[in-house]
Amino acid sequence: MRSFSEIQFGRKCAGKKVGLGAVAAAFDLPERALWDYMAIGVLAVGFWIRLSLRVQRLLRGTGKPRPFQCQAARHLRRDEATRASAVSRDDVVTFLGFAAFVWLWSVALARGSYGLAVLAWYGTGRLFLEPLHEEPSIVFGRVRIDRVVAALLALCAGGALALVAAASLPAVRLYDKNPAHLWNRLHASLFVRVTADGREYGADRVDPLLWVGSTYLLQGPSHVQAITLLNEFIETHGEQLLRDPLKRGILQRDLWTVFDWLEGSHAPYQQPQLIPEVVRKGVEDLRQPLATVIARLALTPEEIRTLPDNYAATARPNALPPDLFQPDGPWVSVGRPDGPIARHHLRDDGPGKNSVFLVLIRLPGGRDATLKYLDALRSFSGPLWMHDANQPRYLQDYPNPNLPQFPVGTQVALVRRALLIDSTGRIAPTRLTEQVQLRTHRAISAMTAQEFADAQRIDENMFARAGQDFEEFSLSRAALFGERAGGLLPLAALDRFFLTFSSHGVDFFDMRSGQSSLATQDDPAHAAKLGCKDCHGAPGVYSFNSYVPFRLAGPGFTQAPRLSEISLVDAEQVAVAWKQQRVDWGRLQPLLRGPLKLRDHPGQRQP
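Please read these numbers as outputs of a predicted model, since none were measured by experiment. (Residues numbered from 1 in each chain as written. Predicted model: local features only at pLDDT ≥ 70, side-chain atom pairs only at ≥ 80, totals over all residues. Heavy atoms only, no water.)

K.L.:
How should I be thinking about the overall build of the protein in this particular structure?
P.N.:
When helices and strands are tallied, the protein shows 23 helices and 13 strands. Sorting the 607 residues of the protein into buried and exposed places 48% on the buried side. Summarising the internal contacts of the protein: among those between residues at least 6 apart in sequence, 72% fall at separations of at least 24. Here the protein has roughly 29600 Å² of accessible surface; of this, 57% comes from carbon and sulfur atoms. (Helix = DSSP H or I, 4+ residues; strand = E, 2+ residues; numbered from the N terminus. Buried < 20%, exposed > 50% of the residue type's maximum accessible area, 1.4 Å probe, protein only. Contact = heavy atoms within 4.5 Å. Areas by Shrake-Rupley, 256 points an atom, 1.4 Å probe, with all protein chains shown as cover.)

Next up, the structure:
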């Protein structure tokens, strides 16, 4: 009887030439990783043979090897005292090599590196052991051919190992043209995710590819690599490598985003399962180094105030509205009396918890018409939901059709701007815009039970049914540092779109079944449109979730917030006050002045 695994292996290899690629595919492993497992097998077998021989001799009571009991004993020159020993020199080399390999397995190296390490170790060992042979082969005078072969093996394997190690991190060139620059390597270790087929994603994405269910950075090589680079940054004063305030602010913002993710919830949404003890240790290992580097990168309050307004450099006709932040202009910034706007974008399971969210609305009639419309929403006293027991269950509850509706041509903008931590340890708003979503209502249908049900259908025509045009711009560090269009680029010009906000916590890179399809997904703009429509697909005001999130709240939601105009300064203060009450900020704040922090940044005085 064959085992289940043997049957599965046979099925996967049926009709194929059985080589390393077929074996790797049968066991769902990258081909390069197969060399690592083969290396483990070779060393484990060698170690077991050596150990079993010594145990047999000890059980016989002699504790002495017989002259020809193993290959090494026949060829090594030994005096009588050495020959009487129960452990030979090559035994020691074998044991030390196996112990070194076990240690090496915990180090963050690229797949296939461990097999190369075994070859380099074996070649180096034979280079020193071959002179002990009684009858060596000779070439070129007194040079032994077996030593030449051993040296070539060690050099080739060692050189290949060095090349693999040098290429183990993606070639990121955001902060410096040299991909080996410490800032580039640190960013790559946190932001770049690699699929099983070697494709890289996320290098210039506004948020890291991290989800509630991610194992990345919490365990394994990525965890070791991140800690190693953070410690290198601390020990070598990496903050002194670049003085550009803009680059320092962006790197701090990125590290702060990772810290917020660390302090959030981590749940086992998929295989491999997240083990609570491993999660706690992973978070604990990264918490202080991350906080230390965040503190080292802090800008002075004056430096933060002088950071560029990248939206102003991006805005142009037919793209982003140039008058979006114009005082007394046609756009009105909307606020609520009980905290920040865009509540669902500030949830624990997504990015954006260290950002200022702004919601702006513009009616075709201009500013006065927009303010009057907000007054009408505040004055509405009717029920938010209607119930019709005569309809099928899925049609019984729907939004009140008498809700004040805004006119066709109304535009709604969601803007996200960065917060930073200044050199005094305080949270400071900036003019750096991270994302802009713009929805224009070209057609608005009357609200009915069937209309509301149709708005929740997910298909290719859902935004057309909603009568909306959708545009989104996102921050590109390469464009920002290169002074191209203020750094805000349309999604079509950026990397593949991944939904990290409201994504149910599933890490696409941890799911082996989904990795092969990553490169064939929808284009970024189309994928983003489908993701946003899921919550903003109802007609007109019924998709304006800052007022009532009908798609998410359900009939139990009976009290709408009293929306009113809010200034940009007040909106920033509300966002800072909200952040200061967060658990993640409470955990970060004491670490910013922890024992590893060296306050040698320009503008900070030594204690």
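Structure's up, so let's keep going.
K.L.:
Before we go on, may I ask you to explain the side chain of Asn354 in this structure?
P.N.:
With respect to the helices and strands, the residue Asn354 is situated in the loop between β5 (332–335) and β6 (355–362). Aside from chain neighbours lying at most four places away, what touches Asn354 is Arg253, Trp256, Thr257, Asp260, Ala418, Leu419 and Lys579.

K.L.:
How do you make sense of the sheet that holds strand β11 (residues 468–475) when you look at a structure like this?
P.N.:
The strands making up a sheet are joined through hydrogen bonds of the backbone, oriented either antiparallel or parallel. Spatially, seven strands are ordered β12-β11-β10-β9-β6-β5-β13 in an open sheet, and the strand pairing comes out antiparallel. Both outer strands of the open sheet, β12 (488–490) and β13 (564–565), are each paired with one neighbouring strand and no more. Pairing between β5 and β13: two bridges, direction antiparallel. From the neighbouring strand, Val334 faces β13, where its bridge partner is Glu565. (Pairing = 2+ DSSP bridges.)

K.L.:
Honestly, the packing of helix α9 (residues 182–191) against helix α10 (residues 220–235) in this entry has me stumped. Any pointers?
P.N.:
Each pair of packed helices gets described by two things: the angle between the helix axes and the distance between those axes. Packing of α9 against α10 brings their axes to within 9 Å, and their N-to-C directions diverge by 155 degrees. Our classification of the angle between α9 and α10 gives roughly antiparallel. Taken as a pair, α9 and α10 cross one another with a handedness that is left-handed. The segment α9 lies against α10, with Leu182, Trp183, Arg185, Leu186, Ser189 and Leu190 engaging Gln225, Ala226, Leu229, Leu230, Glu232 and Phe233. Looking at the contact of α9 with α10 residue by residue, the classes come out as eight nonpolar, two polar and two charged. (Axes fitted to C-alpha atoms, helices over the stretch in contact; angles between N-to-C directions. Parallel < 35°, antiparallel > 145°, perpendicular 65-115°, else oblique. Left-handed = near helix turned anticlockwise from the far one by under 90°. Nonpolar A, V, L, I, M, F, W, Y, C, P; charged D, E, K, R; others polar.)

K.L.:
Is there a simple way to explain the nonpolar core in this structure?
P.N.:
In this structure, Leu217, Leu255 and Leu588 are the most contacted members of the largest nonpolar core, which totals 77 residues. Of the residues forming this core, the biggest block, nine residues, is contributed by helix α11 (residues 245–262). Look past the residues within four positions of Leu255 in its chain and what remains in contact with it is Leu186, Leu190, Leu290, Val293, Ile294 and Leu297. With 33 residues, the next largest nonpolar core counts Ala342, Met447, Ala449 and Val541 among its residues. (Core = buried A, V, L, I, M, F, W, Y, C linked by side-chain atoms within 4.5 Å.)

K.L.:
Would you mind going over unusual backbone geometry with me for this structure?
P.N.:
With the exception of glycine, the majority of residues adopt a negative phi angle, and the majority of peptide bonds are in the trans configuration. Not every positive phi belongs to a glycine, and His237 is a case in point at roughly 55 degrees. Note on His237: relative accessible area 22%, which makes it partly exposed. Phi angles above zero are rare outside glycine, and Ala485 is one such case at about 55 degrees. Locating Ala485 in the fold gives a position in the loop between α18 (477–481) and β12. Note on Ala485: relative accessible area 30%, which makes it partly exposed.

K.L.:
Could you clarify how one ought to interpret the pattern of salt bridges in this entry?
P.N.:
Oppositely charged side chains are able to pair whenever their charged atoms sit close together. One pass over the full model with this rule turns up 23 salt bridges. The closest approach of N and O atoms between Arg336 and Asp338, which form a salt bridge, is 2.7 Å. Residue class for Asp338 comes out partly exposed when judged on its relative accessible area of 47%. What emerges from the salt-bridge pattern is a single network uniting Asp204, Asp207, Arg253, Asp254, Arg416, Glu434 and Arg477. (Salt bridge = Lys/Arg side-chain N within 4 Å of Asp/Glu carboxyl O.)

K.L.:
Would you mind going over α11 with me for this structure?
P.N.:
Helical geometry note: an α-helix holds 3.6 residues per turn, so side chains three or four residues apart project in the same direction. With 18 residues, α11 ought to run about 26 Å at 1.5 Å a step, and its terminal C-alpha atoms sit 26 Å apart, in line with that. Most of α11 is tucked away: 17 of the 18 residues are buried. Backbone nitrogen of Leu246 and a side-chain oxygen of the N-cap are separated by 3.1 Å at the start of α11; the cap is Asp244. (Expected span 1.5 Å × (residues − 1). Polar contact = N/O pair within 3.5 Å; in protein donor to acceptor, adjacent residues only side chain to side chain.)

K.L.:
Honestly, the packing of α11 against helix α12 (residues 276–296) in this entry has me stumped. Any pointers?
P.N.:
In contact at an axis separation of 9 Å, α11 and α12 are set at 155 degrees when each is read in the N-to-C sense. Regarding the angle of α11 to α12, the classification is roughly antiparallel. Here α11 and α12 pass one another in a crossing that is left-handed. Two secondary-structure elements touch here, α11 through Arg248, Gln252, Leu255, Trp256, Val258, Phe259 and Leu262 and α12 through Val283, Leu286, Arg287, Leu290, Val293, Ile294 and Arg296. A breakdown of the residues in the contact of α11 with α12 according to their chemical character gives ten nonpolar, one polar and three charged.

K.L.:
Is there a simple way to think about the pairing of β5 in this case?
P.N.:
Strand residues, when the strand is regular, have side chains that alternate between the two faces of the sheet. Burial of the side chains of β5 extends over both faces: Val332 and Val334 are buried on one face and Ser333 and Gly335 on the other. Sheet analysis places β5 next to β6, joined by three bridges and oriented antiparallel. Note that in β6 the partner of Ser333 across the bridge is Leu360.

K.L.:
Would you explain helix α15 (residues 367–379) in this entry?
P.N.:
For α15, with 13 residues, the first-to-last C-alpha span of 19 Å sits near the 18 Å given by 1.5 Å per residue. Those residues of α15 not exposed but buried are Arg367, Thr370, Tyr373, Leu374 and Leu377. Along the axis of α15, the buried residues cluster in a sector spanning 125 degrees; they form a single face. Exposed residues pointing more than 90 degrees away from the buried face of α15 are listed as Asp368, Lys372 and Ser379. Taken together, the buried residues of α15 touch β5, β6 and β13. (Arc of directions from axis to C-beta.)

K.L.:
Got a minute to help me understand the packing of aromatic side chains in this structure?
P.N.:
Geometrically, a pair of aromatic rings is defined through the distance of the ring centres and the angle of the planes. Enumeration according to the criterion identifies nine aromatic pairs in this entry. Here the aromatic rings of Trp183 and Phe233 are separated by 6.1 Å at their centres, their planes lie at 35 degrees, and the arrangement is tilted. In this pair, Trp183 is assigned in helix α9 and Phe233 in helix α10, connecting sequence segments 50 residues apart. The class for Trp183 is buried, based on a relative accessible area of 0%. Geometrically, the ring pair formed by Trp256 and Trp585 is tilted, given 6.0 Å between the ring centres and 55 degrees between the ring planes. Taken together, the positions of Trp256 in helix α11 and Trp585 in helix α23 (residues 583–591) put the pair 329 residues apart, joining distant regions of the chain. Classification of Trp585 as buried rests on a relative accessible area of 3%. Through a chain of ring-to-ring contacts, the aromatic side chains of Tyr175, Trp183, Phe233 and Phe481 assemble into a single cluster. (Phe/Tyr/Trp six-rings, centres within 6.5 Å; stacked < 30°, edge-to-face > 60°.)

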